[in-house]
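# An overview of the molecular structure
What follows is the residue order along each chain.
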Amino acid sequence: MKAWWKDRVAYQIYPRSFQDSNNDGMGDIPGIISRLDEIGDLGVGIIWLSPVYKSPDADNGYDISDYREINPKFGTMADMERLFAEAAKRDIRIIMDLVINHTSDEHEWFRKSRDRASPYRDYYIWRPPRNGKGPGRRLPPNNWTGFFMGDVWEYDEQSGEFYLHLFDRKQPDLNYKNPRVVEEVKEILRFWLDKGAAGFRCDVINILYKTSLADGKRALAVRGIEHYKSQEGNHAVLRELRRDVLDKYDCFTVGETVMVDLDEAKLLCDESRGELDMLFYFDHLEVDRRIAQYVPKKFRAKRLLKVMTKWQRGLDWNALYLENHDQARIVSHFGAAGNPAGGPGKHWRQSAKMLALFELTLRGTPFIFQGQEIGMTNFDFESLDDIDDVLSHGLNGLMKKLRIPGFLRWKWLKASSRDNARTPVQWDASENAGFSGARPWLGVNGNYRHINYAAQKDDPDSVLNFYKNIISLRKSTECLVHGEFAPLYADNRVMIYRRELGDESYTVALNFSFRDVKLPKRAAGFLGGAVVVSTSGRRETEGRLPPWEGVLLKGG
Ligand code: TEU
């Protein structure tokens, strides 16, 4: 069955870094409205809006204190309604970020749940201390460790028990064994769907249900995860939300599923089971990382093609992405940008386009993250003091405990910090990159004078116009959206794959290296078709791929 969300390209907005309209240094909803023409121009048909709800911002809005209120930093509910209406005029549908594994500790439910006698007590996971050695020693209920590398139990003096928080201590986990919690979530879903939301991106949606609170196995990070990742109870909750609410609306869901493997993904996305429509997995972004994603290892195109093949063929349909608000910028990760403090490196443009071609010629619904379309790079901050992200600080603490030397800690954090994606969007070459008239909440990347939207808008050779062209080509080429994926060739630097639908086929060849690659005969043989697009503008391949080139051929 074909659904509208399969034929559209999505765009993620991280509101606080997108566009400031009232010069307080913080992006906001009126700012988003003022840029809808740019988003529409790109050819996008869906916006995923990162959280705009009321929140004390311990984790930039992923700690919600009221699911039905807008954070005053971002505007009002009237602004939000205007955003739905203005987007609809441009045929753009908006999906909301659904963060229901946890709330903020400032949410009314949690405040009430601090009282042992309250009916809200059981909305969260409260447990008495384990007895330690010696009088008055309170030990946490189990040995789990969290996603931000710290403790997962916080002791509450008022009620004499610990509560569970897999993320920050200001993000207490909800208790999905309590059916009332599920009923509350249904009401939240209905609230936003009735306002006009076209669906949800569901935050850490495969870890809702804690089957047991027994001690976890030995692990460097997230000890205990075997007790709550992709549990049967979790599947049941998703099915119930779908059956009772989502199925009654024309909407879709994309789950963010931590540490998910293909077998779990198959269960979560199987159409007949009715859980999620698609999901975000992480394997492809980890082909050049080891140990909990933070330690770099050599990139090999072969490894990437293997992972892509597994996921492209393993699920009937899925979400595609190379960036989001938790990841490094892709030109600095898989591309040639490195970390240019000044201007972009020589191959920056070529590699940004090659990566666009990669994402937009895969089967699935592509999600582009704000700034990706102009080739924004990793930040150029100088020390941990410039970093706001709670996870980066948690990681630094863990690495210190492991006695990793300071220069290495910084090198790794710099490459992987979530703040890489969170610096303000670079709109033009004016002060603060046209993002705000005031000092932004997080530093603007120093390269904004070279890399910005205004400079690329009318340049036919720009990264931005390349994205526009490929999106438009994709929308008019059914084979690029729905065609089957077939791997053809890969080595350390290059990968070649094909998309096939009926008798139509397209071949894609990508060079992920600084080398001018002369393809071996077998690989060159795949490039017999006519060049439709190439990132360098070449019309013939001659069995060769210049550094960071991407080519799309018809047939072959
Ligand atoms: O992220 C899920 C998550 O597990 C992250 O900690 C992830 O492992 C990390 O960012 C490395 O990429 C989601 C949100 O996307 C993130 O922004 C939130 O901080 C987190 O959930 C808690 O809500």
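Residues numbered from 1 in each chain as written. Predicted model: local features only at pLDDT ≥ 70, side-chain atom pairs only at ≥ 80, totals over all residues. Heavy atoms only, no water.

### Considerations on the sheet that holds strand β1 (residues 10–13)
Strand order across the open sheet formed by eight strands is β13-β12-β11-β5-β2-β1-β17-β16, with parallel pairing between neighbours. Among the strands making up the open sheet, the edge pair consists of β13 (278–280) and β16 (319–321). For this sheet, the mean inter-axis angle between neighbouring strands, taken without regard to orientation, is 25°. For β1 and strand β2 (residues 46–49), the ladder comprises four bridges, and the chain directions are parallel. By the bridge assignment for β2, Ile 13 is matched with Leu 49. Against the sheet, helix α11 (residues 348–360) touches β16 and β17 (365–369), its axis set at about 150° to β17. (Pairing = 2+ DSSP bridges. Helix = DSSP H or I, 4+ residues; strand = E, 2+ residues; numbered from the N terminus. Axes fitted to C-alpha atoms, helices over the stretch in contact; angles between N-to-C directions. Contact = heavy atoms within 4.5 Å.)

### A closer look at the pattern of salt bridges
Opposite charge on two side chains permits them to pair, given that their charged atoms come into close proximity. Scanning the model with the defined rule gives 48 salt bridges in all. Of the charged contacts in the structure, one is a salt bridge between Lys 353 and Asp 461, with a shortest N-O distance of 2.9 Å. In this pair, Lys 353 is assigned in helix α11 and Asp 461 in the loop between α15 (453–457) and α16 (463–475), connecting sequence segments 108 residues apart. Between Asp 389 and Arg 418 there is a salt bridge; the shortest N-O distance is 2.9 Å. Of this pair, Asp 389 sits in the loop between β17 and α12 (390–401) while Arg 418 sits in the loop between α13 (406–416) and α14 (419–422), placing them 29 residues apart in sequence. (Salt bridge = Lys/Arg side-chain N within 4 Å of Asp/Glu carboxyl O.)

### Some remarks on the pairing of strand β11 (residues 199–202)
Here β11 shows no split at all, with Gly 199 and Arg 201 on one side and Phe 200 and Cys 202 on the other all buried. Inspection of the sheet shows strand β5 (residues 93–98) paired to β11 by three bridges, in the parallel sense. Residue pairing for β11: Leu 98 is matched across the bridge by Cys 202. One crossover worth recording links β11 to the parallel strand β12 (residues 252–256) by way of helix α6 (residues 232–244), and it is right-handed. (Buried < 20%, exposed > 50% of the residue type's maximum accessible area, 1.4 Å probe, protein only. Right-handed = clockwise from strand over helix to strand, strands pointing away.)

### A closer look at the packing of helix α7 (residues 262–269) against helix α9 (residues 301–314)
At their nearest, the axes of α7 and α9 sit 11 Å apart, and the two run at 25° to each other. Taken together, the axes of α7 and α9 lie roughly parallel to each other. In the crossing of α7 with α9, the sense of the turn from one axis to the other is right-handed. Mapping the contact onto sequence places Leu 262, Ala 265 and Lys 266 in α7 and Lys 310, Trp 311 and Gly 314 in α9. Considering only residue class, the contact of α7 with α9 consists of three nonpolar, one polar and two charged. (Parallel < 35°, antiparallel > 145°, perpendicular 65-115°, else oblique. Left-handed = near helix turned anticlockwise from the far one by under 90°. Nonpolar A, V, L, I, M, F, W, Y, C, P; charged D, E, K, R; others polar.)

### Details of the packing of helix α3 (residues 77–89) against helix α5 (residues 179–195)
The interhelical angle for the contact between α3 and α5, taken along N-to-C directions, is 60°, at an axis separation of 10 Å. It follows from the interaxial angle that α3 and α5 lie oblique. Only Phe 191, Trp 192 and Lys 195 of α5 make contact with α3, whose side of the interface consists of Met 77, Met 80, Glu 81 and Phe 84. Taken together, the residues of the contact of α3 with α5 break down into five nonpolar, no polar and two charged.

The quantities given are spatial measurements derived from coordinates; they are silent on function.
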